[in-house]
Amino acid sequence: MDPATLVPTPDTIPVAWGWFQFLLMLTFVLHLLVMNAMLGSGIIALATHLTHPGGSPAICRLTAGKLTYLIAFAVNFGVAPLLFLQVLYGQFLYTSSVLMAWHWLAVVGLLILAYASAYVYSHNYKPLGSGRCGVLWLVVAPLLLIGFIFSNNMTLMLHPETWRHYFDHPTGTLLNLSDPILIPGYLHAVVASVAIGGLFLALVARFQRHDNTRNAEKQIATGLRWFSIATLVQLWIGAWLLGAQPDPVRAFLLGGSPLAATLLALSVVGGLTAVGLAFSHKLLPTVGVTVLTVVLMALVRDLMRRAYLAPYFSPADLSVAQQTQYGLLALFFVLLLATLATIIYMLRLAAVANREVR
Amino acid sequence: MNYPVWQLDTAGGGLLIAAIAVFHVYISHFAVGGGLFLVVTEMKGYREKSAAILDYTHRHAKFFLLTSMVLGGMTGVGIWFTISLLTPAATSTLIHNFVFGWAIEWLFFVGEIVALFIYYYTFGRMNRRDHLRVGWLYFLFAWLSLFVINGIIGCMLTPGKWLTSQNFWDGFFNPTFWPALALRTTLALMLAGLFGFVTATTLKEDGLRERMVRYCALWLLAPFAFFLASAYWYAAALPQPLYAHIFQRAPELAAYVRTFLTLSPILFAGGLLMAIRLPGRVKKPLAAAMLLLGLVYMGSFEFIREGGRRPYIIYDHTYSTSIAKADVARLQEEGFLNTARWIKNRKVDDTNRLAAGREVYNNLCLPCHSIGGPMHDILPLTAHDTPLSLDAKLRGMGRADTYMPPFAGNDDDRAALTAFILQGLQHRPLEPPAAPAALTPVAAEAPSPFDAATDGYVLLAWAEFGLNEATDADHLFGLLPAANRLNAQLIRRGETPELVRDGVALAFTIGDQSGTLPPTDSEALYSTQVTPLSPYPTPDTYQPYPVVTVEARDKATNQLLATTKTVLPVITELGCKNCHGGPWRVAGQTGLSDVTARNILAAHDRLSRTDLLARAKAGKPAACRECHADPRFTAPGDPARLNLSAAIHGFHAPYTEGHAGAAACHLCHGTDPQGASRAFRGIHHAAGLDCSNCHGTMADNAISLLQPEVEAGKTEAVRLLGHLTTATTSPDEIRPRRPWLNEPDCLTCHQAFGPPETDSAFNAWNEEEATLYRNRSDESGILRCAACHNSAHALYPAENPSQAQRDNLVPRQYQNSPYPMGADRGCPVCHIEPMDTEMHHANSLRMMRNR
């Protein structure tokens, strides 16, 4: 069965595909950063609990203070890229989702469990005592599982040639376990989370240091250390991931596409630079270079996706509908600015309120 | 068909979306109304300088935060995941058309989350003015997100101009946008009160608890009238076919509408009850009960809305099966298995029929019908089906009814699906067709005596209807009573014979019954309705052609002037059981059983919201002609409804399409040449004609009957007509006719009474009742046509299935031949002498053509 015949016909798009590409990249990076901070700080806090049984290390307190916000915004910022991903690649994503339907739907239940547990961890941190670690497991384990499910779906959508397994397993139980990039890709995301999580916690400590000056420097150092080690491990995982790619994709990344090769090279440089800055305890420059590196990596990932799908499809193939919606696009940007302004206003009010209390 | 189908079976039929969606919608409306509740209650706390109220508001805000963030937000994502899994094609359509709507809604969600976090976590720390501002901003963002999603959901139900323009704003501001927005906003406020009960009833201090519970009751009760007004507005804004479908037709929605209407006063009363002073330990479970009640209430509304949209997922655009309306005709032509993308078994043969049928089922049935689960479980629905009945249902669906899509496949797809359902799911073998059931032969009936030399009279008798059917389940419902009209004319023989008009008394006996035939006004016709008429000489023998003996006596002297016999048919071999199930009532070959009759009534009750079955069970069975006009029995019926024949044929025509020509007629009428009655038995049958030569095909017949009903402005006739296709004539060329009054006529083929010029008498009706064959007389205006030729469907010479010559008793008596009276230049039967003028009709002075 020719896999191309299984790829559904895409619908028309309301404006040129480049707009959706831009919005996808922008919102995906936002989601990635918050999601990494969420998972990473959870993992770091859990690991810290495990090495300090019964205690209340500062890193964990920091995490407890932020975890519920991180989850809320990780999910919320995940909505937008999922939306734009469906516009550009819906015919692949819906299909792979159906093939692994029960796993995909389980994400919702796992998310509710993780989020509810995060509130318990956060609001009841002190009274929980030694129970904190157990509750944090109920946050981190489901999130790790969710990440694995996402890794499966995002890679399964790139392999129409494996979709024929549906005919023997139509009940939504498939995964993409035989794909050599699944495990390194998943680990890449998890380890990246640890790195970003460490950086995030360091940032939080930095901005709260007027509350707790003595420990702030220690927490910043801890956070930076997690970041550095994770990023160095990341280099090895990255190499594994690169090696696991199919030959055409690897060739594409390493020279076939000058753009991809440049971005990849710059990302590696960025990562190493960030590690260097971290070792020098230069927190804000580390954050800056890291964010830039994440942006570059997200672009590489997008190019990689297009390399996988090249035999079947390119977003440039999508037809724009007769009735275009550029007016709505403009309205969206206007409302984006308005919402942003309102949020900044509200954050200012909150900052004032917090300062006044102090 | 563009996407693979998630084979869910037990959890199929939309169970997952129903579960997640009702839950999410409940919480999300609370997330909107509750926002206003928080800020207004906070203002109340400031106004009354009450730290207790502010403290309550703070606590409620925590409850609100957890509920809306954890449960509300996550299940919202859950809906999105679920619809992508269950109907990816429709989801893709909506996403690609309304992406900016969802993107804008997302912006509002971000604002909502930030506002709510700040509102809760700075409670008591931020100054009043700013804190209230944050609260108002939360409510604004929340209500705006409702505003946006309302537009998209509304477009799915009432797309309005979007269907043709594909313009975002046409779809967004669709016909039900504003009433739905009003409904959801008022509901959100009511739910704020309902959820408020949960926290208010936990307040420890009695006085405060009572005040706050009463306060929450106000939130529930005050918007109620506006909510109901919005619901009324919403219903009124629905375009007509949708309104009729939801409130007058769709069988399952009746229960949800009833639930909604019943729960409205109960919920209101519950709110009043909450306002009464009661101890906390009573109020808490009461609050929980109210919350549950609210969920069921909301659920009933959502089920009405979702169920009302069926068979579409996007109304008039995409069916629930993810098949575009525009693609159905092509799929019916080219086949679903041939055309759809994710199919393994494209070519069906004996080795893969069940597997192919499973693929058809997954795509065309599973979106609504679970297998063994709670949603429209297909197993009980097809438990009594046969290959014939299931094939009929698959042809009639979406055409005779309004709540299913039309079957989007061809005959091969249908056959595969039937095999899958009956063999694969019901584990029944596909039965071979039943063996023919012949009538038990009877001894030949001898004609009455006649002496051509001495007898002075010729008595002609005939049945009004040669094909005369009766439903023998009158204790359950009355479709066709067991009755037939017996007609007679008495001729005094002579060179100029005369019809005897007075001085004679005609009487009949049939079985144990006897009676008289009084004279009528016209042409010395003696006639009477014989009823009841029974085809059962004993309870388990079937004789649909009982013989009636007629005698003519001189009134003054009582002298017997003439006697004759003829057949008075009453046929109970009606094929309702072919689709409606149940056994034959009598002798395994005829009769309407109680099971079949009850199934028919149940189907009618479901589809037309009647209570016929209940009435029948209560001993007050209805007759169809009480509502459906029936000219045969001069029943006027209800003028708003279709007449009986138009209703039955118009409704059933799509179901019978698998049976070409007369085979469709044989499904119901006792005319099956393999059946017991074989009621079409006259000369035309011997000549090789069938029902369709005169009456047209089932669809043609239905169209001719529906057209006058369309002209009379009956919308149901328009609806049924729209689903009929005819292969023979274009619908515009089919002439309207009233049942029993406008029928095919002999002279259409037998022009100038000659041999037939054509073999199709369809579409040329007599003008009025008096000119029907059965009411007409010859050119001399004296003798009824049927007196010499017999009733239609049994024209001389007829071949009777119980004994070959049984129908021809009259001509055999007078002529020693089964042919029409006077055949073979047999004028001397009445005229004594041979004649040379064609007085009765042209072409009558000739030898019989058909021997």
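Note: the structure precedes this text.
Predicted model, so just to flag it, every value in this text is computed and none were measured.

The subject of this paragraph is the overall build of chain B. The helix and strand tally for chain B stands at 31 helices and 14 strands. Its C-alpha atoms give chain B a radius of gyration of 36 Å, clearly above 29 Å, the size a compact globule of 851 residues would have. Each of the three principal axes of chain B carries a C-alpha extent, and together these read 125 × 60 × 45 Å. Of all 851 residues assigned to chain B, the portion counted as buried reaches 57%. Across chain B, contacts joining residues at least 24 apart in sequence account for 69% of those joining residues at least 6 apart. With the model as given, the accessible surface of chain B reaches about 34,400 Å², and the carbon-plus-sulfur share is 59%.

Residues and elements named next belong to chain A. A cluster of nonpolar side chains, contributed by Trp19, Phe22, Leu26, Leu30 and Tyr326, occupies part of the molecular surface with about 460 Å² of accessible area. Looking at the nonpolar patch, the element that brings in the most residues is helix α2 (residues 17–51), giving four residues. Tracing the backbone through its elements, the reader meets Leu26 in helix α2.

Turning our attention to the side chain of Thr57 of chain B. All names here are of chain B. One can find Thr57 in helix α2 (residues 51–86). The exposure class assigned to Thr57 is buried, which follows from its relative accessible area of 1%. Beyond its immediate sequence surroundings of up to four residues, Thr57 is in contact with Leu38, Thr41, Glu42, Tyr119 and Phe123.

Moving on to the state of the cysteines. Residues and elements named next belong to chain B. Within the structure shown, the criterion is met by zero disulfides over all chains. There is no disulfide at Cys668, and the cysteine sulfur nearest it, in Cys576, is 6.6 Å away. No disulfide involves Cys788; its sulfur sits 7.0 Å from that of Cys830, the nearest cysteine. The class of Cys788 is buried, set by a relative accessible area of 14%.

Residue and element names in this part refer to chain B. The antiparallel open sheet is built from four strands, whose spatial order is β8-β7-β10-β11. The sheet is open, and its two borders are formed by β8 (513–517) and β11 (560–567), each paired with just one other strand. For this sheet, the mean inter-axis angle between neighbouring strands, taken without regard to orientation, is 20°. The pairing of strand β7 (residues 504–510) with β8 spans five bridges and is antiparallel. Within β8, the position partnered with Ala507 by the bridge is Thr516.

What follows concerns the side chain of His628 of chain B. Residue and element names in this part refer to chain B. Along the chain, His628 turns up in the loop between β14 (622–623) and α22 (644–652). Judged by its relative accessible area of 16%, His628 falls in the buried class. Within the structure, His628 has its side chain in polar contact with the backbone oxygen of Leu642 (distance 2.8 Å).

Between chain B and chain A, the residue contacts involve 68 residues of the former and 75 residues of the latter. Of the roughly 6,500 Å² buried where chain B meets chain A, counting both sides, 76% is carbon and sulfur surface. Taken together, chain B and chain A are joined by one salt bridge. Of the charged contacts in the structure, one is a salt bridge between Asp168 of chain A and Lys344 of chain B, with a shortest N-O distance of 3.9 Å.

Rules used throughout
Residues numbered from 1 in each chain as written. Chains lettered and ligands numbered in written order. Predicted model: local features only at pLDDT ≥ 70, side-chain atom pairs only at ≥ 80, totals over all residues. Heavy atoms only, no water. Helix = DSSP H or I, 4+ residues; strand = E, 2+ residues; numbered from the N terminus. Rg over C-alpha atoms; globule rule 2.2 N^0.38 Å. Buried < 20%, exposed > 50% of the residue type's maximum accessible area, 1.4 Å probe, protein only. Contact = heavy atoms within 4.5 Å. Areas by Shrake-Rupley, 256 points an atom, 1.4 Å probe, with all protein chains shown as cover. Patch = residues over 30% accessible without salt bridge, like charges linked within 9 Å, V, L, I, M, F, W, Y side chains within 5 Å. Salt bridge = Lys/Arg side-chain N within 4 Å of Asp/Glu carboxyl O. Disulfide = S-S within 2.5 Å. Pairing = 2+ DSSP bridges. Axes fitted to C-alpha atoms, helices over the stretch in contact; angles between N-to-C directions. Polar contact = N/O pair within 3.5 Å; in protein donor to acceptor, adjacent residues only side chain to side chain. Buried area = accessible area lost by both parts, 1.4 Å probe.

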